[in-house]
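# Notes for the structure review
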Number of protein chains: 2
Amino acid sequence: MSDVKDITGRDIDFAKWYTDVVTKAQLVDYSSVKGSMIICPYGYAIWENMQKVLDKMFKETGHENVQMPMFIPESLFNIEKEHVEGFAPEVAWVTYGGKEKLDERICVRPTSEVLFCDYYKKIIKSYRDLPKLYNQWCTIVRWEKTTRPFLRSREILWQEGHTMHATAMEAQEETLRMLHIYEDFQRKYLGIPVIVGKKTEKEKFSGAIATYSLEAMMYDGVALQNGTSHYFGDGFAKAFGITYLDKNNKLVTPFQTSWGVTTRMIGSLIMVHGDDRGLVLPPNIAPIKAVIIPIGDSEDVKKATVDIVEQLKLKNISYKVDDSNKTPGFKFAEAEVKGYPVRIEIGPRDLENSEITVVRRDTLEKIKYNINNVVEELENLFMNIQNNMYDKALKRRDSMIYEAETYQEFTEIANSKPGFIKTNWCGDEVCENKIKDDFSMKSRCLIEDEKVGDKCVCCGKKANYRLYFGRQY
Amino acid sequence: MSDVKDITGRDIDFAKWYTDVVTKAQLVDYSSVKGSMIICPYGYAIWENMQKVLDKMFKETGHENVQMPMFIPESLFNIEKEHVEGFAPEVAWVTYGGKEKLDERICVRPTSEVLFCDYYKKIIKSYRDLPKLYNQWCTIVRWEKTTRPFLRSREILWQEGHTMHATAMEAQEETLRMLHIYEDFQRKYLGIPVIVGKKTEKEKFSGAIATYSLEAMMYDGVALQNGTSHYFGDGFAKAFGITYLDKNNKLVTPFQTSWGVTTRMIGSLIMVHGDDRGLVLPPNIAPIKAVIIPIGDSEDVKKATVDIVEQLKLKNISYKVDDSNKTPGFKFAEAEVKGYPVRIEIGPRDLENSEITVVRRDTLEKIKYNINNVVEELENLFMNIQNNMYDKALKRRDSMIYEAETYQEFTEIANSKPGFIKTNWCGDEVCENKIKDDFSMKSRCLIEDEKVGDKCVCCGKKANYRLYFGRQY
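Residues numbered from 1 in each chain as written. Chains lettered and ligands numbered in written order. Predicted model: local features only at pLDDT ≥ 70, side-chain atom pairs only at ≥ 80, totals over all residues. Heavy atoms only, no water.

## A few points about the overall build of chain A
Under the convention used in this document: By definition, any uninterrupted DSSP run of H or I lasting at least four residues is a helix, any uninterrupted run of E lasting at least two residues is a strand, and each is numbered from the N terminus. With the radius of gyration taken over C-alpha atoms, the globule rule is written as 2.2 Å times the number of residues to the power 0.38. Throughout, a residue-residue contact means that at least one pair of heavy atoms, one from each residue, lies within 4.5 Å. Exposure was quantified through the Shrake-Rupley algorithm and a 1.4 Å probe, taking into account, for residues, occlusion by the shown protein chains and nothing else.
Across its full length, chain A holds 14 helices and 23 strands. What you see for chain A is a C-alpha radius of gyration of 25 Å, in line with the 23 Å of a compact globule of 473 residues. Taken along its principal axes, the extent of the C-alpha atoms in chain A is 80 × 55 × 50 Å. The contacts in chain A between residues at least 6 apart in sequence include a share of 67% that link residues at least 24 apart. A total of about 19600 Å² of accessible surface is found on chain A, and carbon and sulfur atoms cover 48% of it.

Structure follows, in structure tokens:
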């Protein structure tokens, strides 16, 4: 940690800045297993906080956790055609158990639709068995060639909800309910103003009827897909032969959803809020909300430190005391690289005035509080920081959303300005592909609440959709 | 669930009884993936409770959670000789990523010693970096031929702690600290009076210097190893070349431990406490402490139900209201098979006397409580149930522990009575093997606090150890 200052500037080399921050803030480390990363205690603590909040939200909306097998036999994997085409190129195949060659090779789950379908076929018999609202927290595997911490990895920690419903409408409602739970979570806890919307046919999940995504814009204007919620209709259910007896004693097919978020959200936390000094964590998700740095070792400082710790404990505010024998300057830099929302400096001079100094990580502003009401002040301050971080991210995001009516306008923006471009589209994949080929920009999601313009930005024919384009991680 | 009564008698066919209970209480279900089970919501909720309590105990003793890769390249796996010999026959090998054959095959972790060592080699440089107290919650894979829910499975949910220490003594202390945390947890929460002790050389973990285990005795007298804590010395550290600069600037090798418990503990909960009506869960670990069954649908009953629910919520007691349209008799049977610690029957006749009926699952005793102090009474009752379950298990266990001085005595007990046999042993593996061959009984663990007898039960030479033998799951 003697090198906490050696972070590449965000505006100099964003990719290098990202790598510097994830490693210097000790979120992850590289392992000697190619394509796999190690999530270090501080990074894992962020994930645990995410899990805690989301798991509560899932349970409050009636979902239950289960654990399905991590292996999928090839024959089971092959049942839904579109799905297998989407995933087959990137699965890891187990072919030996001990010294014995397996009769049938099995893959490590890249996602668990087929496992849930196989199970639902067994347990759903009657309308009384519906809905089934299952979720699991687990690790999935996708055999990526190039990897980046939290963004692209062979092993991904995530949750996947898989639900079955009596009617298409119920399943569609569930799809949107979970999308909005994710949106809520990301706005309120991560401080990230996500754009939510439906994906185009080309960009939807293999096997879904509709995919909705949460699109976060990173500091560099590039999109990070921060979660998805899929409506499957009865496609998987039909492929797997899942049926139930409805109230009229008729054999019918149920309707399905799935939805998931991953440790990728940690990547977006870093790239939305981080700065040249390192990580900046929103108080609502930070594993350590306040770091206390005593200056010197006088009795007064020691006593004040103990006092404040007691107060923080009472209010259940997570904290850490850095009383190591490093210099204050070093400790300040370390607190900044780790992104603790506030650092509390307890020094002898301040104490003479019954004060302590609090430094906000988001603005680096220094504030003096009277020692007797530090904790009340802190509770307000955390709210302010949380709101400020969201507002700042929203402002930056909105300043990097452009509109284009013509291909020339689109070209000018795409070639000169990072960010998203709002435009109009006929709906033809040919146009979507041309934009992708010309600018490496994919459609992000459709915009439902804005009037569609007259002409497709690409072919000039009648426009039927309004949508965002943007480059992506 | 119309067949909740069809549970095989415990004393008729214990193996069938076990399978009936795990499936009818809906803890697990069979999947069409051979060797893997599905952990259903109710079973997973028990695991979540176990995780919550243990994770808190780990963190309170300074441990931090991390996440290591799930894959181990063959060359890394092969570094520690004894370890690889122990695990190689039962690992799953990945040989293809997508369509490409891998240059080096990789196995799915059967345990993560080598991954932690590989990482510790990288991050431990100085005495200031010690101790490292890491834990991870994850799934491991062992390619078992025969499987039984929670007891033996190809996929195992567990936690594995891996720690590194400056001195052998610190590492030995850690090994015992974690053993006793497990013991505490299993006694206080699971109500299981585990026997803890050191394994013999033959039974210790591949690569360990000492293995300590928690041996629980099931209802049928068979042992279930409910967790282990290992002291590794510096064996792995030397094999992996892990060294650090001590306070005298000398390059030395650190000392290591590992420790783990798995979903197997759910199996022991079932087999220690269950009865012919199904599961019996100790209140301290039950996902639902009380099920409320309203009898009839009079306004009084409805009002009383709402009242009690409010009181339970205030006291944070987990509950479930069964107001489905099944018959009360069916609901009672279902509550019994699920093992809810108490069921609360709210009926019109009781209410006339301002009473409700509470039925203890452990004794099936019916108790009337005044409706105004149900919750206070319940809190005491849960404590009583918890204590009673522990005492009952302890009594049964102790009634099935025998002593043998001679091989003839040993033979008579082993052939006629289920349970553990305490005896004396010279320490020679030949004797240990003979007992195993003759009676399918393995040594469970050494007894430290009892005087060793004169002669080895097997060869008659001088005895050096006192220990338990027992059959095992």
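## Observations regarding the pattern of salt bridges
Rules: For this analysis, a salt bridge means a side-chain nitrogen from Lys or Arg found within 4 Å of a carboxyl oxygen belonging to Asp or Glu. Partly exposed residues are those whose accessible area sits between 20% and 50% of the maximum for their type, while under 20% is buried and over 50% is exposed, using a 1.4 Å probe and protein chains only.
Enumeration according to the criterion identifies 64 salt bridges over all chains in this entry. The closest approach of N and O atoms between Asp350(B) and Lys368(B), which form a salt bridge, is 2.8 Å. Of this pair, Asp350(B) sits in helix α11 (residues 348-352) while Lys368(B) sits in strand β19 (residues 366-370), and the two are 18 residues apart along the sequence. On the basis of relative accessible area, Lys368(B) is assigned to the partly exposed category, the value being 48%. Here the residues in one salt-bridge network are Arg277(A), Glu336(A), Arg343(A), Glu345(A) and Lys366(A), joined through shared partners.

## Describing the interface of chain A and chain B
Worth spelling out the cut-off: The term buried area denotes the loss of accessible surface (1.4 Å probe radius) that occurs when two parts are joined, taken as the sum for both partners. Pairs of N or O atoms within 3.5 Å make up the polar contacts considered here, provided that, within protein, one atom can donate a hydrogen while the other can accept it, and that residues adjacent in sequence are counted only when both atoms are side-chain atoms. Note on residue classes: Ala, Val, Leu, Ile, Met, Phe, Trp, Tyr, Cys and Pro are nonpolar, Asp, Glu, Lys and Arg are charged, and everything else, Gly too, is polar. The rule for pairing is simple: two strands pair if DSSP sees at least two bridges between them.
With 53 residues of chain A at the contact, the number on the chain B side is 53 residues. Both faces considered, chain A and chain B share a buried interface measuring about 4100 Å² in area, 59% of it formed by carbon and sulfur atoms. Where chain A meets chain B, there are six salt bridges. Our count for the chain A to chain B interface comes out at 27 residue pairs in polar contact (both at pLDDT 80 or more). The element best represented in the side of chain A that touches chain B is strand β5 (residues 92-97) of chain A, accounting for six residues. Across the side of chain A that touches chain B, the residue classes tally to 32 nonpolar, nine polar and twelve charged. Note that β5(A) and strand β5 (residues 92-97) of chain B share five bridges and pair antiparallel. Across the sheet, the residue bridging to Gly97(A) is Ala92(B), located in β5(B).

## Quick word on the relation of the copies chain A and chain B
To keep it simple, the criterion reads: Superposition of the copies was done by least squares, using only C-alpha atoms of residues whose pLDDT is at least 70 in both.
Structural alignment of chain A on chain B gives an RMSD of 0.0 Å, achieved by rotating through 180° and translating 0.0 Å along the axis. Here the symmetry operator amounts to a two-fold rotation axis. Closest approach to the rotation axis among the C-alpha atoms of chain A is made by Val94(A), whose C-alpha sits 2.0 Å away. Take the interface residues of chain A: 100% of them recur as interface residues in chain B, which is what a same-surface contact looks like.

## Topic: the side chain of Thr253(A)
Locating Thr253(A) in the fold gives a position in the loop between β13 (251-252) and β14 (255-262). Thr253(A) gets classed as buried once you look at its relative accessible area, which sits at 18%.

## Regarding the sheet that holds strand β20 (residues 401-403) of chain A
All names here are of chain A. This is how it is decided: Whenever a helix is involved, its axis is fitted only over the stretch in contact; in every case the axis is a line through C-alpha atoms, and angles between N-to-C directions fall within 0 to 180 degrees.
On the basis of which strands lie adjacent, the open sheet formed by four strands has the order β20-β21-β23-β22 and mixed pairing. Edge positions in the sheet fall to β20 and β22 (442-446), since each of these pairs with one other strand and no more. Strand after strand, the sheet turns through a mean of 35° between neighbouring axes, direction not considered. The pairing of β22 with strand β23 (residues 465-470) spans three bridges and is antiparallel. Bridge pairing in β23 links Leu446 to Leu467. Together, β20, β21 (420-425) and β23 form the strand contacts of helix α13 (residues 407-416), whose direction differs from that of β21 by roughly 160°. Contacts from helix α14 (residues 429-439) reach β21, β22 and β23, with the element oriented near 155° to β21.

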